[in-house]
Amino acid sequence: VVLHRDLPRWVDEHRLAGSRLFAGASQVPQWRVNTGAVFADAASVPLLSLWLGAAPRCINDRFEVAPDPFRYRGDMVGGDQCGLAWALDEGGGSLPEGWRSVQIIPQSVLGQGGSMGTYGTHYQGENSSEHMCSR
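Residues numbered from 1 in each chain as written. Predicted model: local features only at pLDDT ≥ 70, side-chain atom pairs only at ≥ 80, totals over all residues. Heavy atoms only, no water.

Enquirer: Hey, could you go over the sheet that holds strand S6 (residues 102–105) for me, with residue numbers and the actual values?
Expert: The strand order across the open sheet built from three strands is S3-S2-S6, with neighbouring strands paired in mixed fashion. If you trace the sheet from one side to the other, it starts and ends with strand S3 (33–40) and S6, each paired once. Neighbour to neighbour, the strand axes of the sheet diverge by 35 degrees on average, direction disregarded. Pairing geometry for strand S2 (residues 21–25) and S3, over five bridges, is antiparallel. (Pairing = 2+ DSSP bridges. Helix = DSSP H or I, 4+ residues; strand = E, 2+ residues; numbered from the N terminus. Axes fitted to C-alpha atoms, helices over the stretch in contact; angles between N-to-C directions.)

Below is the structure:
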């Protein structure tokens, strides 16, 4: 992520009640969390602890101890996305607000895939790397 403006200030000014973690929007669909662009602060610690505890147990995009191990598949690529999904869905009951605790940063603010946002740009994947190098 390359910052163009003060993203922590944007987070402070736009934080919704109950938000513990901020994440960029995936490219398609834009309402999904992009775990490659995450903003955390002291309020994020309980969720980060659950996430970090779950991620190593995700193997080949499935959670090895879940009652339905294929529930955490689909668009999740690797332990980070699978672990976050488990922490937000299950969380051992310690995070009752679940997915509502993650606030999506709009792509107009934090651009994805090399498309520039007003506060930052997340470069990921082959196309965005080439795009960044050509600027």
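After presenting the structure, the write-up continues.
Enquirer: Break down the packing of aromatic side chains for me, with residues and values.
Expert: In this description, an aromatic ring pair is defined by two values, namely the gap between the centres and the angle between the planes. Per the stated rule, a full pass over the model turns up one aromatic pair. Measuring from ring centre to ring centre gives 6.4 Å for Phe22 and Phe39, while their planes differ by 75 degrees; the resulting arrangement is edge-to-face. Of the two residues, Phe22 is situated in strand S2 and Phe39 in strand S3; the sequence distance between them amounts to 17 residues. The class for Phe22 is buried, based on a relative accessible area of 1%. If you follow Arg5 out to its NZ or CZ, it ends over the ring of Tyr119, 4.3 Å from the centre. (Phe/Tyr/Trp six-rings, centres within 6.5 Å; stacked < 30°, edge-to-face > 60°. Buried < 20%, exposed > 50% of the residue type's maximum accessible area, 1.4 Å probe, protein only. Lys NZ or Arg CZ within 6 Å of the ring centre and 35° of its normal.)

Enquirer: Any details on helix H2 (residues 45–54)? Residues and values, ideally.
Expert: Taken together, the buried positions of H2 are Leu47, Leu50, Trp51 and Ala54. All buried residues of H2 project into a common sector of 100 degrees when viewed along the axis, lining one side. (Arc of directions from axis to C-beta.)

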